[in-house]
Amino acid sequence: MGSRSFALLLVIASTAMTIGGAYAGADAALPPDNTGFGLTIPSRWIDSPELSMLAALGVDFAVMAGILLLNRSFNLIRGLRGAGWLFAALYMLMQGATGAAGQFTGGSLLVLVAIASFFLLYSVYQRPDMARRVLLVFVMLGAGSLIDYGFIPYLIVMAAGCVQMRVMGMRCIIAMLAGTLVPLWVLWAFGLIEPCSFSMPEVVSIFAPESHRPALRLVTATVVVMAAGIVTGLLDMLQVYARNARTRAFFGLFAVTGIMTMILSVIDFNHIYFYAPLLNVCTAFFMTLLYSFRQRGSLGAGTVAISLVTVAFAVLYIWKIINVLMS
């Protein structure tokens, strides 16, 4: 299960189902992300559904490359050869199951920004003199907030990440504030956005009866991902917090990001497709980390978790095929 062959199999299967589902219209029920906060929303950048799907797949492959680089650079998952490949493959598996890979949306940008932000924050661990990298993190989030309001809560997440990386200080605070405000100031100065272009988004909770809820299959897949993330994340925590401060800090950034994403997925349920890719990244990380802890046992917790989730997503794939054939 930890081999590159297994990872390659998951990636091929997920890519095939994503392409097949997109061409058959199985993922067409995803709602448009009418969440612009000053700039044109990403779902309107590409008119062609086929090009949108290819762009989304391109982002997913870029994310997988980022995962491999992140794990190789910072040794996030130790004791498992090819851990980065399993991490990336599980992410792609979840993308295909949720249908989040079928269209280019704001979530495609969020997951790219998150991976880049992880890399930058990990690189400044106990290096408060490298505030320019913190500035870049918040420039990306500040620019993203003008495209989709879903970026705004992650300003808090990355601020917490600065605390975890032990770089919080006056220089870091200035970098955070400047990075957040500079994109708004620059675009306003060039006349690309106007104050009247800002409007408060409509946030609809999962508990609201008038919620225009996404497709049932997307909801089911997201619930499976969230359940897997919660269980494996808690089991990881028991192992990680007995290790050194650097390992705890790196895990903590993923944990805070995953918790915030799960909360937002429930509170802002109509926007679930935006949070799904980043939720998939965090859950894939938790599952791979647990597998690396428990890999010695043939029926270890990590093996069981990956097996159950793979079977669950295989069922969701079959559900997608049935829906296409019956439509």
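Once a new chain begins, its residue numbering starts again from 1 and follows that chain's sequence as written. Restriction of local features to residues with pLDDT of at least 70 applies here, the model being predicted, together with a cutoff of 80 or more for giving and counting side-chain atom pairs; totals for whole chains, interfaces and linings are based on all residues. Here the side-chain values reflect all heavy atoms present in the structure, with hydrogen atoms and water set aside.

A.B. asks: When you look at the pattern of salt bridges in this model, what are you seeing that I'm missing?
C.D. replies: Close approach of charged atoms lets side chains of opposite charge pair. One speaks of a salt bridge when a side-chain nitrogen belonging to Lys or Arg is within 4 Å of a carboxyl oxygen belonging to Asp or Glu. Per the counting criterion, the structure on display carries 1 salt bridge. Across the pair Asp129 and Arg127 runs a salt bridge whose closest N-O atoms are separated by 3.2 Å. Each residue is placed in one exposure class: buried if its accessible area under a 1.4 Å probe, protein chains only, is under 20% of its type's maximum, exposed if it is over 50%, and partly exposed if it falls in between. The class of Arg127 is partly exposed, set by a relative accessible area of 38%.

A.B. asks: Can you help me understand the nonpolar core in this one?
C.D. replies: Note that soluble globular proteins tend to have their nonpolar side chains buried in a common cluster. Here, nonpolar core means buried Ala, Val, Leu, Ile, Met, Phe, Trp, Tyr and Cys residues that are tied together by side-chain atoms lying within 4.5 Å of each other. Grouped together as the largest cluster of nonpolar side chains are 94 residues, with contacts concentrated most on Tyr122 and Phe254. Strands here mean DSSP runs of E at least two residues long; helices mean DSSP runs of H or I at least four residues long; both are numbered from the N terminus. In terms of residues, this core owes the most to one element, helix α10 (residues 272-294), which gives 14 residues. Here, residues are in contact when the closest pair of their heavy atoms is within 4.5 Å. Residues in contact with Tyr122, not counting those within four places in the same chain, are Leu70, Phe74, Leu76, Met165, Phe250, Leu253 and Phe254.

A.B. asks: Honestly, empty space enclosed by the protein in this entry has me stumped. Any pointers?
C.D. replies: A probe matching the size of a water molecule, rolled over the atoms, marks out where space remains unfilled. Cavities and pockets are found on a 1 Å grid laid over the protein atoms alone: a cavity is a set of points where a 1.4 Å probe fits but cannot escape, a pocket is an open set with protein on both sides within 12 Å along at least five of seven lines, and a lining residue has an atom within 4 Å of such a point. Grid points are joined across faces, edges and corners, and a volume is the space filled by probe spheres set on the points. Summed over all chains, the structure comprises 2 cavities of 30 Å³ or more. For the largest cavity, the calculated volume is near 140 Å³. Together, 13 residues line the largest cavity, and Asn75, Leu76, Arg78, Thr247 and Leu289 are the ones closest to its centre. Counting only elements with at least two residues in the lining of the largest cavity, the list comes to α9 (245-267) and α10. If you tally residues by element for the lining of the largest cavity, the top one is α9, at 4 residues.

A.B. asks: Would you take a moment to explain helix α7 (residues 170-189) for this structure?
C.D. replies: Think of an α-helix as 3.6 residues a turn; residues three or four steps apart then line up on the same face. Between the first and last residue of a helix there are one fewer steps than residues, each counted as 1.5 Å, and that sum is the expected span. Over its 20 residues, α7 runs 27 Å from end to end, which matches the ideal 28 Å to within 8%, given 1.5 Å per residue. To get the bend at any residue, fit one axis to the seven residues that end at it and another to the seven that begin at it, then take the angle between the two axes. Its axis deflected by about 35 degrees at Leu181, α7 carries its strongest bend there, up to four residues before the proline Pro183. For α7, the full list of buried residues reads Cys172, Ala175, Met176, Gly179, Pro183 and Leu187. In this structure, the buried residues of α7 make contact with α5 (131-145) and α6 (153-164). Just past α7, the residue Gly191 takes up positive phi, approximately 75 degrees.

A.B. asks: What is the right way to read the packing of aromatic side chains from this model?
C.D. replies: The geometry of an aromatic ring pair comes down to the distance between the two centres and the angle between the two planes. Side-chain rings of Phe, Tyr and Trp, where Trp is taken by its six-membered ring, are said to pair if the distance between their centres is within 6.5 Å; with planes under 30 degrees apart they count as stacked, over 60 as edge-to-face, and otherwise as tilted. The tally for this structure, following the rule as stated, stands at 17 aromatic pairs. Where Phe251 meets Phe285, the ring centres are 6.3 Å apart and the plane angle is 40 degrees; that geometry is what we call tilted. Of this pair, Phe251 sits in helix α9 while Phe285 is found in helix α10, placing the two residues 34 residues apart along the sequence. Under the relative-accessibility criterion, Phe251 is labelled buried at 3%. The interplanar angle of 15 degrees and the centroid separation of 4.0 Å between the aromatic rings of Phe254 and Phe285 together place this pair among those described as stacked. One end of the pair, Phe254, is in helix α9; the other, Phe285, is in helix α10, and 31 residues separate them in sequence. Of the two residues, Phe254 and Phe285, neither departs from the other in class, the shared state being buried. Three or more aromatic residues joined by ring pairs make a cluster, and in this case those are Phe74, Phe87, Phe118, Phe119, Tyr122, Tyr125, Tyr241, Phe250, Phe251, Phe254, Phe285 and Phe286.

A.B. asks: Sorry, what's going on with the packing of helix α3 (residues 83-98) against helix α8 (residues 216-240) here?
C.D. replies: Each pair of packed helices can be summarised by the angle the axes make with each other and by the distance between the axes. The interhelical angle for the contact between α3 and α8, taken along N-to-C directions, is 150 degrees, at an axis separation of 8 Å. By the angle between their directions, the pair α3 and α8 is classed as roughly antiparallel. Together, Met94, Ala97 and Thr98 of α3 and Arg217, Leu218, Ala221, Thr222 and Val225 of α8 make up the contact between the two elements. Ten residue types, Ala, Val, Leu, Ile, Met, Phe, Trp, Tyr, Cys and Pro, are classed as nonpolar, four, Asp, Glu, Lys and Arg, as charged, and the remainder, Gly among them, as polar. Considering only residue class, the contact of α3 with α8 consists of 5 nonpolar, 2 polar and 1 charged. Fitted lines through C-alpha atoms serve as axes, helices being fitted only where they are in contact, and the angles separating the N-to-C directions of these axes extend from 0 to 180 degrees. Any angle from 65 to 115 degrees is called roughly perpendicular, while one under 35 is roughly parallel, one over 145 is roughly antiparallel, and all others are oblique.

A.B. asks: How do you make sense of the side chain of Ser117 when you look at a structure like this?
C.D. replies: Its place among the elements puts Ser117 in helix α4 (residues 106-123). What makes Ser117 buried here is its relative accessible area of 0%. Engagement of the side chain of Ser117 in a polar contact is seen with the backbone oxygen of Val113, the distance being 2.7 Å. Ignoring any residue separated from it by four or fewer positions in sequence, one finds Ser117 in contact with Val137, Met140 and Met158. Two N or O atoms count as a polar contact when they lie within 3.5 Å, although within protein this holds only if one can serve as hydrogen donor and the other as acceptor, and sequence-adjacent residues are included solely when both atoms are side-chain atoms.

A.B. asks: Quick question: what am I supposed to make of α3 here?
C.D. replies: Taking 1.5 Å per residue as the helical rise, α3 with its 16 residues ought to reach 22 Å, and the 23 Å between its terminal C-alpha atoms agrees with that figure. The element α3 is extensively covered by neighbouring structure, given that 15 of its 16 residues are classed as buried.

A.B. asks: Hey, could you run me through the environment of Ile67 in this one?
C.D. replies: Relative to the helices and strands, Ile67 resides in helix α2 (residues 49-74). On the accessibility criterion, Ile67 (0% relative accessible area) is buried. Separated by 214 residues in the primary sequence, Ile67 and Val281 have C-alpha atoms spaced 8.8 Å apart. Those residues within four positions of Ile67 in sequence are excluded, and the remaining contacts are Gly84, Phe87, Ala88, Tyr91 and Ile115.

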